Amino acid sequence: GAGAAPLTYGVMGNVTAIPAGYALSTIVSFSAGSVNAALTRWGDVLLAEYGKSRDAAWQKDFALQYLGYSTDNGAFYYYTTEQNKTYEQTMLDVHAYARREDIPYRYWLADSWWYFKGLRNGVKNWTAMPSVFPHGLAYVYEQTGWLVQGHNRYWSADTDYAAQNGGKWRFLVDAEGSQYALPYDQGFWDYLMRTSREWGLTTYEQDWLDDEFDNFPPLTNSATLGREWLMQMGTAAADNGLAIQYCMSHCRHMLASVEIPAVTQARASGDYQQSRSDQWSQLGTTALFAYALGVAPSKDNYWSTTTQPGNRWGDNSTEMHPRLQAAVLTLTKGPVCPSDKIGLSDRALIMRSAMDDGTLLQPGRPATQLDRMFVEAAGIGGGGGGGGGSRIRIGGGGKPEEIWFADTHVQDRRFGVLFAARLTAAHDVDAVADLGFAATDAVVAVEANTTAALSAQFDGKALTLGPNGVYDFVLFNFGVREANGWALIGEVRDKWVGVSNARVQHILSDATTLDVVVRGAPGELVTLTFAKPTGRGTVDVTCTVGQGSTARFRVPEGGCD
């Protein structure tokens, strides 16, 4: 309308020259009626343009498939070791404790404490300091069998790898200004990724992307250098079978990832420790942006128990909501990495996210805010239950209300999981308009955030969510009744996500029976909950996974094959 500001696109204003043949394109995508659909459709266009599959990340990144252990900011062992022990000894003790407790970690995240720093605390040499790992990272890999997500940051002007400093490779170096440097040599990235596989690297974490980009002048003066930098990194990772996590990324880095298949995940939250009480809540929004671009959103780590004495932040530092942290991590469909002190893990809580072999049990896509919540946050919605005028709904502590949903498809069936916290008023969630189930679906759901019994079974179209906080968040798992009346709800007794593609392999029903085939670790006990054909009752069936890594469930007999 009149007086509206124009929407402009173009090259960064501080670019000093544009090379011949340089082209710039802009994509505008529109979808009426749904924030989730609009952003997903926009991502579809970008991914199709560059030939990247949205779901490929979860097939190629080990850290998106299995349970891990973290030493990132907020972790107990972040720049902290066991008393009078090296990090090498500490990590071997973490591994031994996990084995005793039967916590199936399959990799670990090594944060920035392990490599050599130079000027401005940048990376001088990306190898393990002998004071940290006396026998090297490869020794820890050999002793534990755990793969590694390796953290890296910006490069220092005195890095050993640069030809200017006696190294072998071309670097751009800003020795007088920022004291940063940037690799400008495909051979360097090939070397770094190839040799790092020897100590177990599976995911390369490029952190401090914003600092590198903002503070190294050649990146903002050039129209092409940023892309070349990321493409060289991504090419080397792909050639060596590695994945990449972006961290502290600008939107421009995320957009660049659509032509870099090796980029599989990105941090979608702040660091855990710095905002422990609320660091989780932004995932309902940021996860949508990441997933639209084919990237898994990463929340960061969590403590599975409330009090962990001896941590670096003081004994008053506590995790008041471990169940919420565990649930949110699982619903992101990103990495799941507890970070507890040795001896203080809640195994039962940790295992709500995974099979006995560490395979993650997550929804088919990341959980995101319902469209209605975006509308209300913008101050143009009527709120839950359809009443009232335009307003911004604020939850407990002055924070936005959260209602997230994710679905999972198995064969031609659709399942779902809904999470809600910090609701200040009742919300009526419609299974069709809000959750996308078909009008003909007979939708059934149970609430499973409880340590005792299932509660508040829903059987219909409209689900009322009452006011709540973060201790009493609700988590509903949804299924649809078969023609015979039975409905699979899934592992709601023991897991956050009742039906996961990693677990449920096949579903078959006839006039009277419902058969479900699941995958698991041999010897694993799996309990599935089914909604009975009539009334609001449920029935649980527990089966043992066989040596072939599968089990077959059958109702109404309650049998196992």
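Since the model is a prediction, treat every value here as computed from it, not as a measurement. (Residues numbered from 1 in each chain as written. Predicted model: local features only at pLDDT ≥ 70, side-chain atom pairs only at ≥ 80, totals over all residues. Heavy atoms only, no water.)

Draft legend 1. Structural context of the packing of helix α5 (residues 186-196) against helix α8 (residues 225-239). Running from N to C, α5 and α8 point in directions that differ by 40°, and their axes come no closer than 8 Å. With respect to α8, the element α5 is oriented oblique. Considering how the two elements wind past one another, α5 and α8 form a crossing that is right-handed. The segment α5 lies against α8, with Q186, W189, D190 and M193 engaging W229, Q232, M233, T235, A236 and A237. Taken together, the residues that form the contact of α5 with α8 break down as six nonpolar, three polar and one charged. (Axes fitted to C-alpha atoms, helices over the stretch in contact; angles between N-to-C directions. Helix = DSSP H or I, 4+ residues; strand = E, 2+ residues; numbered from the N terminus. Parallel < 35°, antiparallel > 145°, perpendicular 65-115°, else oblique. Left-handed = near helix turned anticlockwise from the far one by under 90°. Contact = heavy atoms within 4.5 Å. Nonpolar A, V, L, I, M, F, W, Y, C, P; charged D, E, K, R; others polar.)

Draft legend 2. The packing of aromatic side chains, seen in detail. In total, this model carries 39 aromatic pairs according to the counting rule given. Clustering of aromatic rings is evident, with ring pairs tying together W114, Y115, W126, W155, Y161, W169, F171, F188, W189, Y191, W199 and Y204. Its guanidinium or amino end placed over the ring of Y66, R106 lies 4.0 Å from that ring's centre, counting from NZ or CZ. (Phe/Tyr/Trp six-rings, centres within 6.5 Å; stacked < 30°, edge-to-face > 60°. Lys NZ or Arg CZ within 6 Å of the ring centre and 35° of its normal.)

Draft legend 3. Spatial organisation of the side chain of D72. By secondary structure assignment, the location of D72 is in the loop between β1 (68-70) and α3 (87-101). Given the relative accessible area of 5%, D72 is considered buried. Once residues within four sequence positions are removed from consideration, D72 is found in contact with Y78, L109, D111, R267, D300 and N301. (Buried < 20%, exposed > 50% of the residue type's maximum accessible area, 1.4 Å probe, protein only.)

Draft legend 4. Main features of the pairing of strand β4 (residues 123-128). As paired elements, strand β3 (residues 115-117) and β4 share three bridges and run antiparallel to each other. What sits directly across from K117, in β4, is V123. Following β3, the chain reverses through five residues before pairing antiparallel with β4; R120 in that reversal takes a positive phi of roughly 55°. (Pairing = 2+ DSSP bridges.)

Draft legend 5. Quick look at the pattern of salt bridges. Within this structure, the stated rule accounts for 24 salt bridges. Between K85 and D93 there is a salt bridge; the shortest N-O distance is 2.7 Å. Since its relative accessible area comes to 35%, K85 is described here as partly exposed. What makes D93 partly exposed here is its relative accessible area of 23%. In this structure, the salt-bridge partner of D160 is K124, at a minimum N-O distance of 3.0 Å. (Salt bridge = Lys/Arg side-chain N within 4 Å of Asp/Glu carboxyl O.)

Draft legend 6. View of the environment of G270. Along the chain, G270 turns up in the loop between β11 (263-267) and α10 (283-292). G270 gets classed as partly exposed once you look at its relative accessible area, which sits at 27%. For the pair G270 and K299, spaced 29 residues apart in sequence, the C-alpha to C-alpha distance is 7.7 Å.

Draft legend 7. Just the nonpolar core, in detail. Formed by 99 residues in total, the largest nonpolar core has its most connected members in W108, W114, W126, F133, W155, W189 and Y204. Setting aside residues up to four positions removed in sequence, W189 forms contacts with W155, P183, Y204, Q206, W229, Q232, M233 and A236. Judged by nonpolar contacts, the second largest core, of 20 residues, contains I403, F405, L435 and V443. (Core = buried A, V, L, I, M, F, W, Y, C linked by side-chain atoms within 4.5 Å.)

Draft legend 8. Molecular detail of the pairing of strand β22 (residues 504-509). Summarising the sheet, β22 and strand β23 (residues 514-519) pair through five bridges and their orientation is antiparallel. When the sheet's bridge partners are listed, L508 is paired in β23 with D515. Where β22 hands over to β23, the hairpin turn is made up of four residues, counted between the paired strands.

Draft legend 9. Structural view of a nonpolar patch on the surface. On the surface, V11, I18, Y22 and L24 cluster together to form a nonpolar patch covering roughly 350 Å² of accessible area. Tracing the backbone shows Y22 in the segment before α1 (35-50). (Patch = residues over 30% accessible without salt bridge, like charges linked within 9 Å, V, L, I, M, F, W, Y side chains within 5 Å. Areas by Shrake-Rupley, 256 points an atom, 1.4 Å probe, with all protein chains shown as cover.)

Draft legend 10. Representation of the confidence of the model for the protein. Scored by pLDDT, the protein has a mean of 92; 94% of the residues are at 70 or more. Confidence over residues 383-392 falls short of pLDDT 50; this stretch has 28 contacts with residues more than four positions distant or in other chains. Here residues 451-455 scores under 50 on pLDDT; set against residues more than four positions off or in separate chains, the count is 12 contacts. (pLDDT = per-residue confidence, 0-100.)

Draft legend 11. Highlighting the packing of α1 against α10. Where α1 contacts α10, the two axes come as close as 8 Å, and the packing angle between them is 25°. One way to sum up the angle between α1 and α10 is to call them roughly parallel. Counting all contacts with α1, which are made through V35, N36, L39, T40, W42, G43, D44 and L47, the residues of α10 involved are L288, F289 and A292. Here the contact of α1 with α10 is composed, by residue class, of seven nonpolar, three polar and one charged.

Draft legend 12. Quick peek at the sheet that holds β23. Across the sheet, four strands lie side by side as β22-β23-β26-β27; this open sheet has antiparallel pairing. Since the sheet does not close on itself, it has two edges, and those belong to β22 and β27 (559-560), each with one partner.

Draft legend 13. Local environment of unusual backbone geometry. Cis geometry is found at the peptide bond from V555 to P556, where omega equals 15°. Take P556: it is sitting in the loop between β26 (550-555) and β27. Its identity is not glycine, yet R422 carries a phi of approximately 60°, on the positive side. You can see R422 is positioned in the loop between β15 (413-421) and β16 (427-430). The buried category is assigned to R422, whose relative accessible area is 4%.

Draft legend 14. Summary view of the sheet that holds β11. Across the sheet, seven strands lie side by side as β1-β2-β5-β9-β10-β11-β12; this open sheet has parallel pairing. The open sheet has two free edges, formed respectively by β1 and β12 (296-298), since each of these has just one partner strand. Direction aside, the axes of adjacent strands within the sheet are offset by 25° on average. The sheet contact formed by β1 and strand β2 (residues 107-110) spans three bridges and is parallel. Bridge assignment links S70 to a residue of β2, and that residue is L109.

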